[in-house]
Amino acid sequence: MEEFRRTYLRACKEAGVETQESVLTQLLQERRGGGAGGGARLDLSGQSLSADTCCALGRVFQNDTGLLSGFFTNTTVKVLDLKGNNLRSTGAEVLGKLLARNKTIRALVLEWNALGMWDESFSQFCEGLSANGALTQLDLRNNQITHQGASELATVLKRNVTLGALDLRWNNVGLLGGRSLLEALQHNQTLVQLEMAGNNVPSDALKALEQATGHNSDKRSLLTESRSRTQVLSKEINILKQEKGRQYLSLMETIDRQREEMGRSSRSTSVHVGQLQEALNERKSTVNALTAKLQMAEAALALSEQKKQDVGELLLRIRAEKEEERECYGRERKKEQEDSVLREGKLLRDLQKLTEANGQLRNKVEDSERRCKAQQQQIFELKQELTNSTAELKLRLAQAEDRLEMEKRRSKQTLEDSDALRHKEVEHVNRHLEESERALQDRIFKLETQRIQLEEELSRSKAVCVTQRAEAEEELGRVRAQARLEEQEQVASLEDKLRAARQSRQEALGHCSQQKQTIGELQAKQGQQRLEADGLRRRVEELQQELSGKDQERVAEVSRVRVELQEQMGHLQVERTAQGGLKERISALEREMKALASSHREALLDKESECSSLQERLRLRDTEIQRMREDEAQRASYLHSAVLAYVQGSPLGHYASPKK
């Protein structure tokens, strides 16, 4: 405190000015925090400051960094009270320079200072006020401001966009000054409080000024409300962006997991195929060994020809039954594929109709889920039928083995009696065997040609299904692209005030398009995986056919050796179980792909609902802005009509009408 007092005394000595103890005590009180603004208000009212005293105070404030840093470079004082200091012309000029350079003072009290007596100095003060962009309250009561000063203030009000309260009570503004202020208020939208009592202004002009300030206050309230609403909307949009980012990250994580699972499944299938190839190689080696054994056992072939014929008939019956079962299974499989193709077509049509009826889509999805459940039940029933058929085949094989044993016993008894007739019957049997082998080879060739034709038809039907599905997906992409273009055209027609909301909506649409692209990629991957699964199925069917051919050769060649036949049947059962495991794995993969497709469709529905909600918000916002514009137009028309009525009813209007 003492240091501040010494600096003030030193500045007064250097300027040759007498020190004012009242000013010093007031400054010390402000420095201790005793002011009303808590350090942000400087009250020098009633001190009768001169120009030299102001210069000395400016030097003190420039050297002091605790309370202020000078009026021109002030960053602390926000309210300056200079009431009753008789500033006059030089004070008005200094105040104009202060207002032009200062950016922190919000309120300035200049009551009882006679600033309007000198027009030039007051015009400089008005120039500084027009250059100021921080002052919101100005008190000019009892400053002897005339109509010329009021016109200067009117020009200031036309350019100033921050001043909200102006007190001009007890001056000499008059009718001309009131009209100039009223004309300025037509261009000013920030002044909400104007005090004009005691200025010899007519009551109708005062009412017009009050209406103009009321209109500005209403505009400010509307602007504050619109700003608050835009802030709330921006916060909601940011929250939506964050939620969408989280959903996108979770979706990417699920996609990565599914890719890993698909890679694992493909690896396991490749390993299983390698194992099957190894088993085939082992079987080829066993077949070669069996051919060697057959060459060794040609001498004993004539003894068991009758048994061979019986077993051959039994095997032909079993093969016929197997072929019938395979045909039934192929037909059921074709029916399932056709049903699946029809279901996919229905789902695509439902997706095209999505924008028209969301309620119908949900019912169709429920129907499709019921159909999927029914198909799953059908598949389960088919599996049960397959298990039952395999059990029946096993029973039939056991019965055939029992018959073989009985026939062996009978053959042992007949062999003792037919030793004499063996040589004659061998030739006849050899001829009959050759004929039967030729007939069997012809039949096998015909069956293979039929199988190749059926496989070609299957491949053609699958290719047609894939092409149809690709075309449907392309049509979906085109429709979505057209919808996006229409939405972008609608958004482009909005006004400048909604650009921020439009950008957020475009970003949301971009995220949606990215998610749709990812979904398309997933669908393409799903199609590839289905094609791979079909290839695996074809490979399994080829392996089954090769195995069946090998089994036929093995049964034809090794009909005598019962032990080897039992071993081969055991291998066939193991392979069937492995094939059943592969089929179960393929069905599990299909179920997983269906679940992925349903989840992606649900995500698409969610994103489209979010887009519709954003469009609804934008539409509400447009209606509110249109209503505000209509209100402003009505108010402007009311003000214009009031001003015209006032001008026509005033005496100046009566004087001006004859001249015209």
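Cut-offs and rules
- Residues numbered from 1 in each chain as written.
- Predicted model: local features only at pLDDT ≥ 70, side-chain atom pairs only at ≥ 80, totals over all residues.
- Heavy atoms only, no water.
- Core = buried A, V, L, I, M, F, W, Y, C linked by side-chain atoms within 4.5 Å.
- Buried < 20%, exposed > 50% of the residue type's maximum accessible area, 1.4 Å probe, protein only.
- Helix = DSSP H or I, 4+ residues; strand = E, 2+ residues; numbered from the N terminus.
- Contact = heavy atoms within 4.5 Å.
- Patch = residues over 30% accessible without salt bridge, like charges linked within 9 Å, V, L, I, M, F, W, Y side chains within 5 Å.
- Areas by Shrake-Rupley, 256 points an atom, 1.4 Å probe, with all protein chains shown as cover.
- Salt bridge = Lys/Arg side-chain N within 4 Å of Asp/Glu carboxyl O.
- Lys, Arg positive; Asp, Glu negative; His and termini not counted.
- Charge placed at Lys NZ, Arg CZ, Asp CG, Glu CD.
- Polar contact = N/O pair within 3.5 Å; in protein donor to acceptor, adjacent residues only side chain to side chain.
- Expected span 1.5 Å × (residues − 1).

**What about the nonpolar core?**
Okay, step 1: Residues Leu-110, Phe-125, Leu-138, Leu-140, Leu-166, Leu-168 and Leu-181 are the most contacted members of the largest nonpolar core, which totals 43 residues.
Okay, step 2: Of all the secondary-structure elements, those providing two or more residues to this core are helix H4 (88–101), helix H5 (119–131), helix H6 (147–159), helix H7 (174–185), helix H8 (203–296) and helix H13 (562–649).
Okay, step 3: The leading source of residues in this core is H6, at five residues.
Okay, step 4: Excluding residues that lie within four positions of it along the chain, Leu-140 makes contacts with Leu-110, Leu-115, Phe-125, Ile-145, Leu-153, Leu-166, Asp-167, Leu-168, Arg-169 and Asn-171.
Okay, step 5: Within the second largest apolar cluster, six residues are counted, among which are Leu-276, Val-540, Leu-543 and Leu-547.

**Focus: a negative patch on the surface**
Okay, step 1: A cluster of like negative charges, contributed by Glu-93, Asp-119, Glu-120, Glu-127 and Glu-152, occupies part of the molecular surface.
Okay, step 2: No other element matches H5, which puts three residues into the negative patch.
Okay, step 3: The exposure class assigned to Glu-93 is partly exposed, which follows from its relative accessible area of 32%.

**Structural notes on the side chain of Asn-132**
Okay, step 1: Note on placement: Asn-132 falls in the loop between H5 and strand E4 (137–139).
Okay, step 2: A polar side-chain atom of Asn-132 sits 2.7 Å from the main-chain carbonyl oxygen of Leu-99.
Okay, step 3: Ignoring any residue separated from it by four or fewer positions in sequence, one finds Asn-132 in contact with Leu-99, Asn-102, Asn-160 and Thr-162.

**Thoughts on H5**
Okay, step 1: If you check H5, its first and last C-alpha atoms are 18 Å apart, about what 13 residues at 1.5 Å a residue would give, namely 18 Å.
Okay, step 2: Residues of H5 that are buried include every one of Ser-121, Phe-122, Ser-123, Phe-125, Cys-126, Gly-128, Leu-129 and Ser-130, and no others.
Okay, step 3: Next to the buried residues of H5 lie H4, E4 and H6.

**Brief notes about the pattern of salt bridges**
Okay, step 1: Going through the model one piece at a time under the given rule, you end up with eleven salt bridges.
Okay, step 2: Across the pair Arg-229 and Glu-624 runs a salt bridge, and its minimum N-O distance is 2.9 Å. Residue Arg-229 is located in helix H8, and its partner Glu-624 is located in helix H13; the two are separated by 395 residues in the primary sequence.
Okay, step 3: Between Lys-244 and Glu-610 there is a salt bridge, with its nearest N and O atoms 3.8 Å apart. With Lys-244 in helix H8 and Glu-610 in helix H13, this pair connects stretches of sequence that are 366 residues apart. Glu-610 shares its class with Lys-244; the two are buried.
Okay, step 4: Among the ionic contacts, a cluster of salt bridges with common partners joins Glu-111, Asp-139, Arg-141, Asp-167 and Arg-169.

Keep in mind these numbers describe shape, not what the thing actually does.
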